[in-house]
Amino acid sequence: SGRISQKQALIKAAAGLAEHLSTGIGFNHKREPLNLKSILDQVVMYFLDQIQKLNLNVRITCPEELTFIGDPHFVRMILLNIVGSPLFCMPKKGEMSISATKVSGFIYIEIHDNRYSLSEIGKKYVKISHDLFVEDQKLQQICLQNRIGYSLFQSEKGEFTTKVFFPL
């Protein structure tokens, strides 16, 4: 019951933030020290039901001490999207690796996964099923408006790579 109410509060906050950001209106960031490893662990725990249901292998490589100044709600909204959205498009026993490092004044996050490549209709179904997810094009726009680097591409082998750069 406590976990469910935490999930509901997180979804509501992320959905509200995503809606606000998608309007293109400037965002008043709350700035505080954030521990990236802790936030990544929280995001993965949020999707634990899906991970267990599909028996997914999710690995996080992030230094324990990796911290930066940022808005906790905004950072979580971005991470919930880049980690969560692929989890709902993965085959049973799928794999995802998340690595985070500090590189030249940026926090650099790279995610590799073996999700299915979905049609536009399939992508809309996943988004409709989960209010918290923002369409890839909107997510890219939100990141750009907030000076965050974002890219998603699929290799010839079919593996997806998501890269996000948060300025320090």
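Residues numbered from 1 in each chain as written. Predicted model: local features only at pLDDT ≥ 70, side-chain atom pairs only at ≥ 80, totals over all residues. Heavy atoms only, no water.

Requested: an account of the packing of aromatic side chains, with residues and values cited.
Taken as a whole and assessed by the stated rule, the structure comprises seven aromatic pairs. Relative to Phe-165, the ring of Phe-106 lies with its centre 6.2 Å away and its plane at 85°, an arrangement referred to as edge-to-face. Placement of the pair is Phe-106 in strand S5 (residues 106-113) and Phe-165 in strand S7 (residues 160-167), with a sequence separation of 59 residues. The ring of Phe-160 has Arg-115 sitting right over it, with the charged end atom 4.5 Å from the ring centre. (Phe/Tyr/Trp six-rings, centres within 6.5 Å; stacked < 30°, edge-to-face > 60°. Helix = DSSP H or I, 4+ residues; strand = E, 2+ residues; numbered from the N terminus. Lys NZ or Arg CZ within 6 Å of the ring centre and 35° of its normal.)

Which residues make up the pairing of strand S4 (residues 95-103), and what values do they have?
Two elements, strand S2 (residues 57-61) and S4, share five bridges in a ladder whose sense is parallel. Residue pairing across strands places Arg-59 opposite Ser-97, the latter belonging to S4. Taken together, the eight bridges between S4 and S5 define a ladder with antiparallel strand orientation. Looking at S5, one finds that Ala-100 is bridged to Ile-109. Joining the antiparallel neighbours S4 and S5 is a turn of two residues, in which Ser-104 adopts a positive phi near 40°. (Pairing = 2+ DSSP bridges.)

Kindly report on helix H6 (residues 136-145), identifying the contributing residues and their values.
Within H6, burial applies to Leu-139, Ile-142 and Cys-143. An end-on view of H6 places all buried positions within 95° of arc, on one side of the element. For H6, the exposed residues lying more than 90 degrees away from the buried face are Gln-137 and Leu-144. Note on H6: the residue one or two positions beyond its end, Arg-147, has a positive phi of about 55°. (Buried < 20%, exposed > 50% of the residue type's maximum accessible area, 1.4 Å probe, protein only. Arc of directions from axis to C-beta.)

Break down unusual backbone geometry for me, citing the residues and quoting the values.
Backbone geometry places Asn-55, a non-glycine residue, at a positive phi of 55°. Along the chain, Asn-55 turns up in the loop between helix H3 (48-53) and S2. Residue Asn-55 is classed as partly exposed on the basis of its relative accessible area of 49%. At Arg-147, a position not held by glycine, the phi torsion is positive, near 55°. With respect to the helices, strands and loops of the structure, Arg-147 is situated in the loop between H6 and strand S6 (149-154).

So, to be careful, I would describe these as geometric facts and stop short of saying anything about function.
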